[in-house]
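Structural overview
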Amino acid sequence: GIGDDGRGGGHEGHAGPAATGGRSVDSLTEPSPEPADVRVELVAREEPFRLASGEEVEGYTLNGTSPGPEIRAELGQLVEVRLVNESVPAGVTLHWHGLDVPNAADGVAGVTQDAVPVGGSFTYRFRADQAGTFWYHSHQVSHVQVLRGLLGALVVTPPGGVGATDALALVHLYGGTRTVNGRSGETRVTAAPGERVRVRVVNTDNGPMSAWVPGKPFRVLAVDGTDVHEPGEVRDEAVVVTGGARVDLEVVAPARIDLGGASVVVGEQAPPAAPRPASALDLLTYGAPAPLGFDPAAATRSFDYVIGRSPGFLDGYPGMWWTINGHMYPDVPMYMVAEGDVVRMRLENRSGEGHPMHLHGHHAVVLSRDGVPATGSPWWVDSLEVGDGETYEIAFVADNPGVWTDHCHNLPHAVEGLVAHLMYE
Ligand code: C2O
Ligand code: CU
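Residues numbered from 1 in each chain as written. Chains lettered and ligands numbered in written order. Predicted model: local features only at pLDDT ≥ 70, side-chain atom pairs only at ≥ 80, totals over all residues. Heavy atoms only, no water.

Looking now at the overall build of the protein chain. Helix and strand counts for the protein chain stand at four helices and 34 strands. Its C-alpha atoms give the protein chain a radius of gyration of 21 Å, near enough to 22 Å, the size a compact globule of 425 residues would have. Seen through its principal axes, the protein chain has C-alpha atoms that stretch 65 × 45 × 45 Å. Across the 425 residues in the protein chain, those meeting the buried criterion constitute 53%. Long-range contacts, defined here as pairs at least 24 residues apart, represent 73% of the contacts in the protein chain between residues at least 6 apart. In the form shown here, the protein chain has an accessible surface area of approximately 17,100 Å², with 52% of it arising from carbon and sulfur atoms. (Helix = DSSP H or I, 4+ residues; strand = E, 2+ residues; numbered from the N terminus. Rg over C-alpha atoms; globule rule 2.2 N^0.38 Å. Buried < 20%, exposed > 50% of the residue type's maximum accessible area, 1.4 Å probe, protein only. Contact = heavy atoms within 4.5 Å. Areas by Shrake-Rupley, 256 points an atom, 1.4 Å probe, with all protein chains shown as cover.)

Spelled out as structure tokens, the structure:
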């Protein structure tokens, strides 16, 4: 019926029974939804705005700003976000990147909902059932709308907090300027000398970024919203943060986190910026194996996802388009699974360029890269950089029924066909 179904999400158009005061038959029989613990309204507009550091940007805002408001919830809380489209002509949606929400709340225009037109609204409801760092963004004409501002951070904390000062560092490029929390140059976090600070780095850019701390050791606490138990302390190495990915770092004040053109200064008298070290942290080679909670050797489905590139026509336009297993979008067969399947997927990149691959609705564990098994702390990802010529094997449990998008998060590549779908039978 019309109105909120209390589970995944609900639509309110500008016409229909809800708007005219009538009620549908369904809504009379449905139990009224459980009240949410966290309620947010986000109003999307097309309008110029100023970054915190002063530059003007032609783009889109959420509640008048970009990035939009940081949404925070505690583990287990029910979150309700009402999206209102005031003036985004192409329509808008919100996707909760990295949080495995129910399919109806996934926010993919044309797959799980229609884009919300100007004057319309849509209510997303989901349980914050994983503590970690996530983000949200429009999933309608994403290569334009995300780039120009329809995004924000979503942080889920364990009850009682993280036991350290908790700071956000959402990185975004506005017209070529790299910003942290909408500010170019330096972003400051207040901290007393010796204080431990957890900095949640969110890379919302199309390409990979390296994060590192000049002159001081630091720890990697989590990747893509999941805690890692190794590598422990790191010094003079950079962490690669894939497009769309998140990495939580722990530093002791004073420190500077260099994010390639922008930085986070924690406490007073942080060391100056310095050139980044040559080596990049390789999460595959640290630590001892730890239990996954399922057995990837007992896979009930195995798929290939081979990325290539070939000449052809897309929507009637000639060009060099991405292919998946030799097929061009939209002729890429769906990956079919049944609930409870243990799924293995081999991602092979033969396309001449690297791709930050993003799977909706599930977290996958990395099993190997180029045949070398991962031996570290389990490395759970929703966004994985697959370099040109590389092959990754990943595995996940099919535990979230629906139709899920699995695409390149270099968003122009998704428009150029690097999109597949996972569907439950
Ligand atoms: Cu961050 Cu399909 O998106
Ligand atoms: Cu790509």
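A few words on the coordination of the copper ion (ligand 2). Those donors, His-355 (ND1), Cys-408 (SG) and His-413 (ND1), are the protein atoms that reach the copper ion (ligand 2), and they lie 2.0 to 2.1 Å from it. Read N to C, the donor residues that coordinate the copper ion (ligand 2) are spaced as H-x52-C-x4-H. Of this pair, His-355 sits in strand β27 (residues 355–359) while Cys-408 sits in strand β33 (residues 403–408); the two residues are 53 residues apart in sequence, bridging distant segments of the chain. (Donors = N, O, S within 2.8 Å, 3.2 Å for Na, K, Ca; no water.)

Bringing empty space enclosed by the protein into the picture now. Evaluated as defined, the whole model comprises two cavities of 30 Å³ or more. Considered as a void within the structure, the largest cavity measures approximately 90 Å³ in volume. Along its surface, the largest cavity is lined by 13 residues, and Leu-347, Met-357, Leu-359, Ile-394 and Asp-406 are the ones closest to its centre. Broken down by secondary-structure element, the contributors of at least two residues to the lining of the largest cavity are β26 (342–349), β27, β31 (383–386) and β32 (391–397). Take the lining of the largest cavity: its biggest share by element is three residues, from β27. Of the residues belonging to the lining of the largest cavity, the class tally is nine nonpolar, two polar and two charged. (1 Å grid on protein atoms, 1.4 Å probe; cavity = no way out; pocket = protein on both sides within 12 Å on 5 of 7 lines; lining within 4 Å. Points joined across faces, edges and corners; volume = space filled by probe spheres on them. Nonpolar A, V, L, I, M, F, W, Y, C, P; charged D, E, K, R; others polar.)

Quick look at the sheet that holds strand β8 (residues 132–137) now. Pairing within the open sheet is mixed, and its four strands lie in the order β4-β9-β8-β6. Strands with a single pairing partner mark the edges of an open sheet, and in this sheet they are β4 (71–74) and β6 (95–97). Neighbouring strand axes in the sheet, compared pairwise and without regard to direction, differ in orientation by 25° on average. Of the strand pairs in this sheet, β6 and β8 are connected by three bridges, and their pairing is antiparallel. When the sheet's bridge partners are listed, Trp-96 is paired in β8 with Tyr-136. (Pairing = 2+ DSSP bridges. Axes fitted to C-alpha atoms, helices over the stretch in contact; angles between N-to-C directions.)

Inspection of the secondary structure assignment puts Thr-323 in strand β23 (residues 317–324). Those residues in contact with Thr-323, other than ones at most four positions away along the chain, are Val-306, Ile-307, Gly-308, Arg-309, Ser-310 and Met-328.

All right, on to the pairing of strand β19 (residues 246–252) then. With respect to burial, β19 is a largely interior element, six of its seven residues being buried. Summarising the sheet, strand β15 (residues 218–223) and β19 pair through four bridges and their orientation is antiparallel. Within β19, the residue paired with Ala-222 across the bridge is Asp-248.

Below, the discussion takes up the layout of surface pockets. Approximately 520 Å³ is the volume attributed to the largest pocket. Lining the largest pocket are 22 residues, with Ala-109, Tyr-329, Ala-414, Val-415 and Val-419 positioned closest to its centre. Counting residues per element, the ones that place at least two in the lining of the largest pocket are α3 (142–145), β33, α4 (411–415) and β34 (419–424). Looking at which element gives the most residues to the lining of the largest pocket, the answer is α4, with three residues.

With that settled, the discussion passes to the environment of Gly-182. The topology assignment puts Gly-182 in the loop between β11 (177–180) and β12 (183–189). Accessibility expressed as a relative area gives 1% for Gly-182, which makes it buried. Remark: the alpha-carbon pair of Gly-182 and Leu-249, spanning 67 residues in sequence, is separated by 20 Å. If near-sequence neighbours (up to four positions away) are discounted, Gly-182 is found in contact with Leu-51, Ala-52, Ser-53 and Pro-67.

You can read the domains of the protein chain as domain 1 (9–157), domain 2 (165–281) and domain 3 (296–424). Between the C-alpha centres of domain 1 and domain 2 the distance comes to 27 Å. Taken together, the 26 residues of domain 1 in the interface contact 23 residues of domain 2. Counting every contact that joins domain 1 to domain 2 gives one salt bridge. If you look at where domain 1 meets domain 2, you find twelve residue pairs in polar contact (both at pLDDT 80 or more). Only β8 and β9 (151–157) provide two or more residues apiece to the side of domain 1 that touches domain 2. (Domains from an automatic or database assignment. Salt bridge = Lys/Arg side-chain N within 4 Å of Asp/Glu carboxyl O. Polar contact = N/O pair within 3.5 Å; in protein donor to acceptor, adjacent residues only side chain to side chain.)

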